[in-house]
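Topology and contacts: notes
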Amino acid sequence: MSRPLKIMLVAAEASGDALGAGLAHALKARLGPEVVFVGVGGSKMAEAGVDSPFDITDLSVLGWLEGLKAYGVVRRRVADTAALAVAEQPDAVVLIDSWGFTIRVAKAIRAILPDVPLIKYVGPQVWASRPGRARTLAGSVDHLLALYAFDAPWFEREGLATTVVGSQALHVDMSGADAAAFRASRGIAADAPLLLVLPGSRPSEVRLMTPVYEAAVARLKQADPTLEVAVVAAGTVADDVTARVAAWPFRAQVVSEADKYSAMKAATVALATSGTVSTELALAGAPMVISYRFQPLSYAIMKPFFTGKYATLFNHAAGEEIAPELIQNDATPGKLAEAVGGLLADPEARTHQAARQTAALDLMGREGRDPSEIAADAVLRVIVEGRNGAAQAG
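The following refers to the structure shown. (Residues numbered from 1 in each chain as written. Predicted model: local features only at pLDDT ≥ 70, side-chain atom pairs only at ≥ 80, totals over all residues. Heavy atoms only, no water.)

Description of unusual backbone geometry
Quick note on the threshold: Secondary structure elements are taken from DSSP: a helix is a run of H or I of four residues or more, a strand is a run of E of two residues or more, and numbering for both begins at the N terminus.
Its identity is not glycine, yet Q89 carries a phi of approximately 50 degrees, on the positive side. Checked against the element boundaries, Q89 lands in the loop between α4 (71-88) and β3 (92-96). Positive phi, close to 85 degrees, is recorded for V122, a residue that is not glycine. Along the chain, the position of V122 falls in the loop between β4 (118-121) and α6 (133-138).

Printed below as a string of structure tokens:
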């Protein structure tokens, strides 16, 4: 009797954890008991059957300086992950997002298990910075599961077989989101202006962005004391965000992951740290201002490598700045307050921006199949093709 298919899933931060869980569920739906999982991930992957040998929290880093500080931890975890692959002998390894960590894991596993298919789920955003990473990835893995059609040519030019699966963020189920119920449960009047602040899901993002947002919101509150404020606390940084917001000198309600989509639907305007959340906000119909800051030294090192015009995916897809982006030196309390205040004061501008955001989502492939299902099909296809190739070689 043949053993079940064994697939190793590796994720190092919250976004990858969610993708890994979705892929595991899709594979389980197809194969039932004929597939088992090993690997590295967070709480969502654990619920899907992936028992991680270590906590991935310390691996959620962004920026050159932050990466240098975490180098020792990353190096140890790469070795631990490669050792897990050797012990488990999986039929395929899927490396999810988190470029700095997963590319090292790919190289480590390739060196000791050269015949195991390596699949990268989410490629680096080479259209925005460091296009040379496309060649690096092509030399390190066998297949790429890309999120967007505009990703694929960069990697296919380097000879890397690529399947466009779409972004899970474009398929978020918001049918249960209830704006009116959210406002009622929080004591927010139906016609009151509500600013939703989303400081990010990485510890470094929260540390850098929350003080800036506090100062910006203070200006907005001074201009309009009736402004209601809610702050989303992502699960990975919930305690940190909650503690910081509790110290703000004005009232701001903390929103958990469970209520996030209802809050997005209820928001008059959102102020968000750049990331996947911008796509979710657009799906919810919330006009937004996008911001981001790096550590100054990291930014100075990284800036020459930025080649893209926009940080926000739907801005990139549309080829224009639909949602205002205030990055690094432009991410000041004054400029953020001015941009957000302009939207709060102009209902027509809000309606127009929300409509343009929705149109840009269509350019990103909003109407496609569920990405987890496409990804599952691709993973199984890579495994079968690998086995057929090995049989012919033999």
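Here's the deal with helix α9 (residues 203-223)
To keep it simple, the criterion reads: Expected span of a helix: the number of residues minus one, times 1.5 Å. Two axes enter the bend calculation: one fitted to the seven residues ending at the residue in question, the other to the seven starting there, and the bend is the angle between them. Exposure is judged per residue with a 1.4 Å probe applied to protein chains only, and the accessible area is read against the type maximum: over 50% gives exposed, under 20% gives buried, and values in between give partly exposed. In this description, contact between two residues means that some pair of their heavy atoms is separated by no more than 4.5 Å.
Between its terminal C-alpha atoms α9 stretches 30 Å, which fits the 30 Å expected from 21 residues at 1.5 Å a residue. At M209, α9 shows its largest bend, some 35 degrees, and a proline, P211, comes one to four positions later. Within α9, burial applies to S204, E205, V206, L208, M209, T210, V212, Y213, A216, V217, L220 and K221. Considering only its buried residues, α9 is in contact with β7 (194-198), β8 (228-232), α10 (238-246), β10 (269-273), β11 (288-292) and α15 (333-344).

Side note on the pattern of salt bridges
Definition in use: Note on definitions: salt bridges are taken to be side-chain nitrogens of Lys or Arg within 4 Å of carboxyl oxygens of Asp or Glu.
Applying the stated criterion across every chain yields a total of 18 salt bridges. As a salt-bridge pair, R186 and D259 come within 3.6 Å of each other at their nearest N and O atoms. Of this pair, R186 sits in the loop between α8 (179-185) and β7 while D259 sits in the loop between β9 (253-255) and α11 (260-266), placing them 73 residues apart in sequence. For R186, a relative accessible area of 18% translates into the label buried. Residue class for D259 comes out partly exposed when judged on its relative accessible area of 31%. A salt bridge links K260 to E280; the shortest N-O distance between them is 3.3 Å.

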